[in-house]
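Summary of the model geometry
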Amino acid sequence: MDSLEVIPDGAVLVRDRLVEAVGPYREVRAAAGGAEVVEVDGVLFPGFVDAHTHAVFGMARLDDHARRARGMDYKAIAAEGGGILSSVRDLRARPADDLRERTARRLRHLLDHGTTTVEVKSGYGLETEAELRTLTVIGDLAAGPPELVPTFLGAHEIPLEYRSRREAYVRLVIDEMLPAVAAQGIARFCDVFCEPGVFTPEESRRILEAARGHGLGLKLHADELDGSGGAELAADLGAVSADHLARASGNGIAALAASGTVAVLLPGTMLFLGKADRAPARALIDGGAAVALATDFNPGSSPGVSLPLMATLGVSQLRMTPAEAIMAITANGAAAAGQAGDRGQIAPGFRADLALAAVRDWRELVYWYGTNLITGVWVTGTACHSGRGTIDFLG
Ligand SMILES: [Zn+2]
């Protein structure tokens, strides 16, 4: 993860939506024939891949933010009507058109920060119709830009009406939601919130094994606030990713390092919640695990859209090197979204998904924070950044 190839005065030749060649400008120009030339000033990165978001939601949760500042924990916030179930109440009441319009507008911000592929989860419906409505909205927007990867997260929380009969909700997810999602072909992955007080490792395993039976790939929210063996479970099931991991055990870290499961770390969430816990990025990487960084973009715990900011936090909070942090929002982000075959790298045969940053040294992308350095974005070779195109360099 710690080695990036950097080409000074480089060029990328794009043909038919794909990268045909990349290398020093003179060589690529000589091979390009009469190709149209787009000159850019700055550093060109692979388009960033955000492997963990909950981008379909209605209202922001401004009150929760203020409540946390007053020292209230999530239980106290839920008792006042806030928390995730307030997003559930809100989403259930919104028609698909409303959700589609809000989500499209928000995804534009991710795109303008250089993100060209976004994994998006359902999970604020928690009833069959509302989960399907959410996945339909994701499907409507999936072609992008940015392109979306849909994940079914019906097991995000136990809804209020099932609080005294949780097994009935697990059965609803397995017997009704998953077959409907699979029949409509509207999800690529199934995810479960495996956490003490939410879904147990045993319930998570049953749901994910059922999802696998329907042909879905697997993801897991694991060991975020308390350890419960989620990392071990994700590795054992061969999940494409295990996400959060701030409280992963030593065994869990070892299990991930020995597996093909990508560890997706979400430092923006810990920052926004004001938590001191840090995901064990160093232990994971040094042990041999693949680590990705994602925004966790959602209205409760991480209303942040910038993957470069997550890379900054990866370096400053999780002690990753700048190269590891860039790898974590490009190639490893793509792997965590099940898309490593055609994006996350600028290489022949890969999609021409590119992000241009107004920097001279690539490390500046993870150094200057709090401003958007991205001045150009291309998805399969088509320019799609909505900004003004140039900004003054900070360096
Ligand atoms: Zn999440």
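A quick note: this is a predicted structure, and the numbers were derived from the prediction, not measured.

Attention now moves to the coordination of the zinc ion. Ideal values for angles at a metal depend on the geometry: 109.5 degrees with four tetrahedral donors, 90 or 180 degrees with six octahedral donors. Every protein donor of the zinc ion is accounted for by His52 (NE2), His54 (NE2) and His221 (NE2), and the metal-donor separations fall at 2.0 to 2.1 Å. Linear spacing of the donor residues for the zinc ion on their chain is H-x1-H-x166-H.

The next thing to look at is the sheet that holds strand S14 (residues 382-383). The pairing of strands in a sheet happens through backbone hydrogen bonds and is either parallel or antiparallel. Here 4 strands make up an open sheet; going across it, the order is S3-S12-S13-S14 and the pairing antiparallel. In this open sheet, the two edge strands, each paired with only one partner strand, are strand S3 (43-46) and S14. Of the pairings in the sheet, the one linking strand S12 (residues 354-357) to strand S13 (residues 374-379) comprises 4 bridges and is antiparallel in character. Across the sheet, residue Ala355 finds its bridge partner in S13, namely Val377.

What follows concerns the pattern of salt bridges. Applying the stated rule across the entire model yields 32 salt bridges. In this structure, Lys121 and Glu119 form a salt bridge, with 2.8 Å as the shortest nitrogen-oxygen distance. In this structure, Glu209 engages Arg205 in a salt bridge whose closest nitrogen and oxygen atoms are separated by 3.4 Å. Taken as a pair, Glu209 and Arg205 lie in helix H8 (residues 201-213) at a separation of 4 residues, close to a single helical turn. Residue Glu209 is classed as partly exposed on the basis of its relative accessible area of 37%. What makes Arg205 partly exposed here is its relative accessible area of 30%. Where salt bridges share partners, they join Glu147, Asp342, Arg343, Arg351 and Asp353 into one cluster.

In this structure, Glu324 sits in helix H14 (residues 322-329). A relative accessible area of 4% places Glu324 in the buried class. Within the local environment of Glu324, its side chain forms a polar contact with the side chain of Arg282, the two groups lying 2.9 Å apart. Those residues in contact with Glu324 that sit more than four places away from it in its chain are Met1, Asp2, Arg282 and Ile285.

Below, the discussion takes up the nonpolar core. The biggest cluster of nonpolar side chains holds 98 residues, and the ones touching the most others in it are Ile207, Leu245 and Leu265. The element best represented in this core is helix H7 (residues 166-184), accounting for 9 residues. Setting aside its immediate chain neighbours within four residues, Leu245 contacts Ala222, Asp223, Glu224, Ala231, Leu256, Ala263, Val264, Leu265, Ala279, Pro280 and Leu284.

Turning our attention to the packing of aromatic side chains. Inspection of the entire model under this criterion finds 4 aromatic pairs. Look at Phe45 and Phe48: their rings are 6.1 Å apart centre to centre, the planes differ by 55°, and that puts the pair in the tilted class. The ring of Tyr162 carries Arg165 above its face, with NZ or CZ at 4.4 Å from the centroid. Stacked on the ring of Phe189, the Lys or Arg Lys219 has its end atom at 5.4 Å from the ring centre.

Packing of H8 against helix H9 (residues 230-237) leaves a shortest axis separation of 11 Å and a crossing angle of 25°. Comparing the axis directions of H8 and H9 gives the class roughly parallel. Considering the relative orientation of H8 and H9, their crossing is right-handed. Across the interface between the two elements, Pro201, Ser204, Arg205, Leu208, Glu209 and Arg212 from H8 touch Leu233, Asp236 and Leu237 from H9. A per-class count over the contact of H8 with H9 returns 4 nonpolar, 1 polar and 4 charged.

Look at the link from Gly144 to Pro145: it is a cis peptide, with omega at 0°. Note that Pro145 resides in the loop between helix H6 (128-141) and strand S6 (147-155). Geometrically, the link from Pro145 to Pro146 is a cis peptide bond, its omega value of -10° lying close to zero. Notably, Asp16 is not glycine yet its phi reads approximately 50°, a positive angle. You can see Asp16 is positioned in the loop between strand S1 (10-15) and strand S2 (18-24). Judged by relative accessible area, which is 66%, Asp16 ranks as exposed. Notably, Leu245 is not glycine yet its phi reads approximately 70°, a positive angle. Relative to the elements of secondary structure, Leu245 occurs in the loop between strand S9 (241-244) and helix H10 (250-257).

Strand order across the open sheet formed by 8 strands is S4-S5-S6-S7-S8-S9-S10-S11, with parallel pairing between neighbours. The open sheet is flanked by strand S4 (48-50) and strand S11 (291-293), the only strands paired with a single partner. Each adjacent strand pair in this sheet contributes to an overall mean axis angle of 25°, direction not counted. In the sheet, S4 pairs with strand S5 (residues 115-121) via 3 bridges, with the strands oriented parallel. Among the inter-strand pairings, Asp50 is bridged to a residue of S5, identified as Val118. Here H6 sits on the sheet and contacts S5 and S6; the angle it forms with S6, its principal contact strand, is near 175°. The sheet strands contacting H14 are S4 and S11, and the helix crosses S11 at an angle near 75°.

Conventions and cut-offs
- Residues numbered from 1 in each chain as written.
- Predicted model: local features only at pLDDT ≥ 70, side-chain atom pairs only at ≥ 80, totals over all residues.
- Heavy atoms only, no water.
- Donors = N, O, S within 2.8 Å, 3.2 Å for Na, K, Ca; no water.
- Pairing = 2+ DSSP bridges.
- Helix = DSSP H or I, 4+ residues; strand = E, 2+ residues; numbered from the N terminus.
- Salt bridge = Lys/Arg side-chain N within 4 Å of Asp/Glu carboxyl O.
- Buried < 20%, exposed > 50% of the residue type's maximum accessible area, 1.4 Å probe, protein only.
- Polar contact = N/O pair within 3.5 Å; in protein donor to acceptor, adjacent residues only side chain to side chain.
- Contact = heavy atoms within 4.5 Å.
- Core = buried A, V, L, I, M, F, W, Y, C linked by side-chain atoms within 4.5 Å.
- Phe/Tyr/Trp six-rings, centres within 6.5 Å; stacked < 30°, edge-to-face > 60°.
- Lys NZ or Arg CZ within 6 Å of the ring centre and 35° of its normal.
- Axes fitted to C-alpha atoms, helices over the stretch in contact; angles between N-to-C directions.
- Parallel < 35°, antiparallel > 145°, perpendicular 65-115°, else oblique.
- Left-handed = near helix turned anticlockwise from the far one by under 90°.
- Nonpolar A, V, L, I, M, F, W, Y, C, P; charged D, E, K, R; others polar.

The values reported here are purely geometric and, on their own, carry no functional implication.
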